[in-house]
Amino acid sequence: GAVVSQHPSWVICKSGTSVKIECRSLDFQATTMFWYRQFPKQSLMLMATSNEGSKATYEQGVEKDKFLINHASLTLSTLTVTSAHPEDSSFYICSAPTESTNEKLFFGSGTQLSVL
Amino acid sequence: GESVGLHLPTLSVQEGDNSIINCAYSNSASDYFIWYKQESGKGPQFIIDIRSNMDKRQGQRVTVLLNKTVKHLSLQIAATQPGDSAVYFCAETFNDYKLSFGAGTTVTVRA
């Protein structure tokens, strides 16, 4: 079945550094991918919609210069947290829709970011 | 926006009993609803979905009920097992797959 691969699973970085998270659709093409953020014991909040070949669409309150999204191919979207700070520590999850299966939307396994 | 549900933040259930998890959604235009299970440190796992032209759908040990009149969604798990312990989220969307998630219910199964 369709699989979305997300890497890394976890990352620890120093404050002020940038971190890149990759989201790949392994056996299907995804012109659109979604990025979510989840703080401990909270729900998933949509950050942005990644569009292949065009600019990402950000949700209200999400800083586009802080969270850079690149969707350069039909199977890869990346989220870069720039100049990360401790308040950016969170669980980041991507998802991609596909019409090819009964289950229409697949999620990556998530990336736990800890900023020291 | 985020759907805030008529839900219990936590649900404790005896192994073998049935579980019912409730969720209220906010957007009357939503036409697709999904229940997810999330274990600690993992991404959401699809359980079952339902479109707005249906009011009930059954899967293996799970049933989703949709009441559009009161904008209410429920997930029923039959014969709850220890492996069902997790956080359960309902999610809604209209015309695309940009999901709005509910607040989640933590289910704990007692042996």
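Residues numbered from 1 in each chain as written. Chains lettered and ligands numbered in written order. Predicted model: local features only at pLDDT ≥ 70, side-chain atom pairs only at ≥ 80, totals over all residues. Heavy atoms only, no water.

Asker: Before we move on, could you go through the sheet that holds strand β6 (residues 62-67) of chain B and cite the residues and values that matter?
Answerer: Within a sheet, each strand pairs with its neighbour through backbone hydrogen bonds, oriented either parallel or antiparallel. Residue and element names in this part refer to chain B. Read from one edge of the open sheet, four strands run β2-β7-β6-β5, paired in antiparallel fashion. With one partner strand each, in any of the chains shown, β2 (19-24) and β5 (56-58) form the two edges of the open sheet. Each neighbouring strand pair of the sheet contributes to a mean axis angle of 15°, computed without reference to strand direction. The pairing of β2 with strand β7 (residues 72-77) spans six bridges and is classified as antiparallel. Residue pairing for β7: A24 is matched across the bridge by H72. (Pairing = 2+ DSSP bridges. Helix = DSSP H or I, 4+ residues; strand = E, 2+ residues; numbered from the N terminus. Axes fitted to C-alpha atoms, helices over the stretch in contact; angles between N-to-C directions.)

Asker: Break down the interface of chain B and chain A for me, citing the residues and quoting the values.
Answerer: Facing 18 residues of chain B, the contacting portion of chain A comprises 21 residues. Here chain B meets chain A over a buried area of about 1500 Å², counting both sides, of which 63% is carbon and sulfur. Broken down residue by residue, the surface that chain B buries against chain A is led by B:Y97, B:K98 and B:F101, which jointly contribute 39%. Inspection of the region where chain B meets chain A yields one salt bridge. Taking the shortest distance from any N to any O, the salt bridge between A:E59 and B:K98 comes out at 3.6 Å. Where chain B touches chain A, the interface holds four residue pairs in polar contact (both at pLDDT 80 or more). At the level of secondary structure, the elements contributing two or more residues to the side of chain B that touches chain A comprise β3 (32-38) and β4 (45-51) of chain B. Here the side of chain B that touches chain A is built from residues that sort into nine nonpolar, four polar and five charged. (Contact = heavy atoms within 4.5 Å. Buried area = accessible area lost by both parts, 1.4 Å probe. Salt bridge = Lys/Arg side-chain N within 4 Å of Asp/Glu carboxyl O. Polar contact = N/O pair within 3.5 Å; in protein donor to acceptor, adjacent residues only side chain to side chain. Nonpolar A, V, L, I, M, F, W, Y, C, P; charged D, E, K, R; others polar.)

Asker: Tell me about the side chain of A:S95, residues and numbers included.
Answerer: Assignment of secondary structure puts A:S95 in strand β9 (residues 90-97). Sequence-distant contacts of A:S95, that is, excluding residues within four places in its chain, are made with A:M33, A:F34, A:Y36, A:L105, A:F106 and A:F107.

Asker: With reference to specific residues and values, describe unusual backbone geometry.
Answerer: All names here are of chain A. A cis amide bond links H7 with the next residue in sequence, P8, at an omega value of -5°. In this fold, P8 is placed in the loop between β1 (4-7) and β2 (10-13). The phi dihedral of K41 falls on the positive side, at around 60°, and the residue is not glycine. As for its placement among the helices and strands, K41 is situated in the loop between β4 (32-38) and β5 (44-51). The class for K41 is exposed, based on a relative accessible area of 89%. (Buried < 20%, exposed > 50% of the residue type's maximum accessible area, 1.4 Å probe, protein only.)

Asker: Please give an account of the confidence of the model for chain B that cites residues and values.
Answerer: Averaged over all residues, the pLDDT of chain B equals 90, while 93% of them reach at least 70. Across residues 1-5 of chain B, confidence stays below pLDDT 50; counting only partners more than four residues off in sequence or on other chains, it has 18 contacts. (pLDDT = per-residue confidence, 0-100.)

Asker: Tell me what's going on with the nonpolar core, and back it up with residues and numbers.
Answerer: A:V4, A:W35, A:F67, A:L79, A:Y92 and A:L113 are the most contacted members of the largest nonpolar core, which has 25 residues in total. Sequence-distant contacts of A:L113, defined by excluding residues within four places in its chain, comprise A:V11, A:C13, A:V19, A:V81, A:D88, A:S89, A:S90 and A:Y92. Judged by nonpolar contacts, the second largest core, of 20 residues, contains B:L11, B:I21, B:L75 and B:I77. (Core = buried A, V, L, I, M, F, W, Y, C linked by side-chain atoms within 4.5 Å.)

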